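Each chain is listed here by its residues.
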Amino acid sequence: MSDNYRSRTERRKAQETTKRKNKPKKTKSNKPIWKKIVISLLIALVLLMGAGIAGAAIIISGAPPLDPDELVFSQAAEIYDQNDEEVTRLQSSENRDLVDIDNVPEHAKAAFVAVEDVRFYDHFGIDIKRLFGAVAANFTEGFGAEGASTITQQVVKNAFLSQEKTITRKVQEQYLAVRLEQQYSKNQILEMYLNLIYFNKGAHGIGEAASVYFNKSDVSELTIEDAALLAAIPRRPSHYDPTINPQ
């Protein structure tokens, strides 16, 4: 083997060795494993929230319109004689005597708000604090274990939606409750509620309930004790009906 060939071979090997030495080494990631886990969880959370928002938007798009005519509740027809004295009242599917909120005593309003929706005058249709409590209960005890319906939500549920316990109905109920609060005052919504709710014995609304349970045709005559009893009945009408369960 000639010296020239050996020299060329040695130079080539030397160049290859130099290249290998100068080649940048791949460095391992210095990120701790917990950071990778946190980043992965955050990404998953963002994706989950995006899916939730998209799902809620689809459900809301199927909500019924907030028709003002549906908020005017039916009342049984009354028959008067020639002297404008009431002779009788025809029975209907919902016996109701509509009342004006201004005729309802303050203690009666307070009783219903205390029992059904203690933060009624502070929220925008949805009680966030109560909602989180209900979500926790539904996780531990199963869906539907506890509701968080405000007075506003109860109005839209009874006027526009069904009574079934589904996520779709609940989302639509919350959406319509917010819209109702934007279009009506608290007093108007409370009046709707008091004229809408069921008190057992065929009585719909506080006006009819005052007549059925206390023989009072004017709600302004309701005492504190009367109001306390009436406020309890709608939660479980047949159970809290004093004529059925006086104790």
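Our structure's up above, just so we're on the same page.
The text that follows walks through the structure, step by step, so that each part is easy to find. (Residues numbered from 1 in each chain as written. Predicted model: local features only at pLDDT ≥ 70, side-chain atom pairs only at ≥ 80, totals over all residues. Heavy atoms only, no water.)

## Remarks on the pattern of salt bridges
Applying the stated rule across the entire model yields 7 salt bridges. One salt bridge connects Asp 226 with Lys 216, and the closest N-O pair in it is separated by 2.6 Å. Here Asp 226, found in helix α9 (residues 224-232), pairs with Lys 216, found in the loop between α8 (205-214) and α9; they are 10 residues apart in sequence, far enough to count as distant. When sorted by exposure, Asp 226 lands in the same class as Lys 216, which is buried. Connected via shared salt-bridge partners are Arg 169, Lys 170 and Glu 173. (Salt bridge = Lys/Arg side-chain N within 4 Å of Asp/Glu carboxyl O. Helix = DSSP H or I, 4+ residues; strand = E, 2+ residues; numbered from the N terminus. Buried < 20%, exposed > 50% of the residue type's maximum accessible area, 1.4 Å probe, protein only.)

## Overview of the side chain of Ser 149
Here Ser 149 is to be found in the loop between α4 (128-141) and α5 (151-160). Judged by its relative accessible area of 13%, Ser 149 falls in the buried class. A distance of 3.0 Å separates a polar atom in the side chain of Ser 149 from a polar atom in the side chain of Glu 173. Ignoring anything within four residues of it in the chain, the contact list for Ser 149 reads Glu 116, Arg 130, Gln 154, Lys 170 and Glu 173. (Polar contact = N/O pair within 3.5 Å; in protein donor to acceptor, adjacent residues only side chain to side chain. Contact = heavy atoms within 4.5 Å.)

## Considering helix α6 (residues 167-183)
Taking 1.5 Å per residue, 17 residues should reach 24 Å; α6 reaches 25 Å between its end C-alpha atoms and fits that length. Listed as buried for α6 are Arg 169, Lys 170, Val 171, Gln 172, Glu 173, Gln 174, Leu 176, Ala 177, Leu 180 and Glu 181. (Expected span 1.5 Å × (residues − 1).)

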